[in-house]
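Notes for the structure review
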Amino acid sequence: MTDGFTGPPWQMDWRLDALAALEALPAHAQQMVYAARAELVTAKDPYFRGIETDACLPDGMQVMPVRSSKPKGARALFFDNENGWLKYTFVPRTEDPQIVVEEIFWLGTEPPTEPPAEQ
């Protein structure tokens, strides 16, 4: 335990249904989620508050509040150019702050396994 507020990397917990949804994704989609997770747990502010605070995220990723009326509520981290998202909350406790992933969703497609047919 520390005397003050800790910083990144943050701890991340997954609800069991969110973890099951992650494990059900195809391998390439899981890799996109792991990349999004890496960005989230190393962010200085997991809420991404302010103007252009998510500008440091890779292309195809952005963070938005789920409800604008709850500024400290759940956030959605979009990945794969908004084809997928994970909904999370940040619990900023002095001891053991953590990110809790509540839901995960991906509406992508499988990468092609064969080259396109020539005409």
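First things first, this report covers the structure right here in the doc. Predicted model only: the values in this text are computed from it and were never measured. Per chain, the residues get numbers from 1 upward, laid out in the order the sequence is written. The model is predicted, so local features are restricted to residues of pLDDT at least 70 and side-chain atom pairs to those at 80 or more, both for listing and for counting; the totals for chains, interfaces and linings are taken over all residues. Each side-chain value is worked out from all heavy atoms of the structure, with water and hydrogens disregarded.

Here we come to the side chain of Glu 102. Its place among the elements puts Glu 102 in strand E5 (residues 98-106). Here Thr 89 takes part through its side chain, which lies 3.5 Å from a polar atom of the side chain of Glu 102. Note on contacts: a residue pair qualifies if any of its non-hydrogen atoms lie within 4.5 Å across the two residues. With residues up to four places along the chain from it excluded, the contact list for Glu 102 reads Arg 15, Asp 17, Ala 18, Lys 87, Tyr 88 and Thr 89. Segments assigned H or I by DSSP are reported as helices when at least four residues long, segments assigned E as strands when at least two residues long, and all are numbered from the N terminus. A 3.5 Å cut-off defines polar contacts: any pair of N or O atoms within that distance qualifies, except that in protein one atom must be a possible hydrogen donor and the other a possible acceptor, and neighbouring residues in sequence count only when both atoms are side-chain atoms.

Next up on the list: the pattern of salt bridges. Salt bridges, as used here, are contacts in which a Lys or Arg side-chain nitrogen is within 4 Å of a carboxyl oxygen on Asp or Glu. Tallied over the full model, the rule gives 3 salt bridges. Among the salt bridges present, the one from Arg 15 reaches Asp 17, with a minimum N-O distance of 2.8 Å. Whether a residue is buried, partly exposed or exposed follows from its accessible area with a 1.4 Å probe, protein chains only, as a fraction of its type maximum: under 20%, in between, or over 50%, in that order. Taking relative accessible area as the criterion, Arg 15 reaches 43% and is therefore assigned partly exposed. When its relative accessible area of 45% is taken as the criterion, Asp 17 is described as partly exposed.

Here the focus is the pairing of strand E4 (residues 84-91). Following DSSP output, two strands are said to pair if at least two bridges run between them. Here strand E3 (residues 75-79) runs beside E4; their pairing, made up of 5 bridges, is antiparallel. Following the sheet pairing, Leu 77 is matched in E4 by Leu 86. Linking E3 to E4, which pair antiparallel, is a turn of 4 residues; within it Asp 80 sits at a positive phi near 55°. Where E4 meets E5, 8 bridges bridge the pair, whose relative direction is antiparallel. When the sheet's bridge partners are listed, Thr 89 is paired in E5 with Val 100.

Any functional reading would require information beyond the geometric quantities listed.
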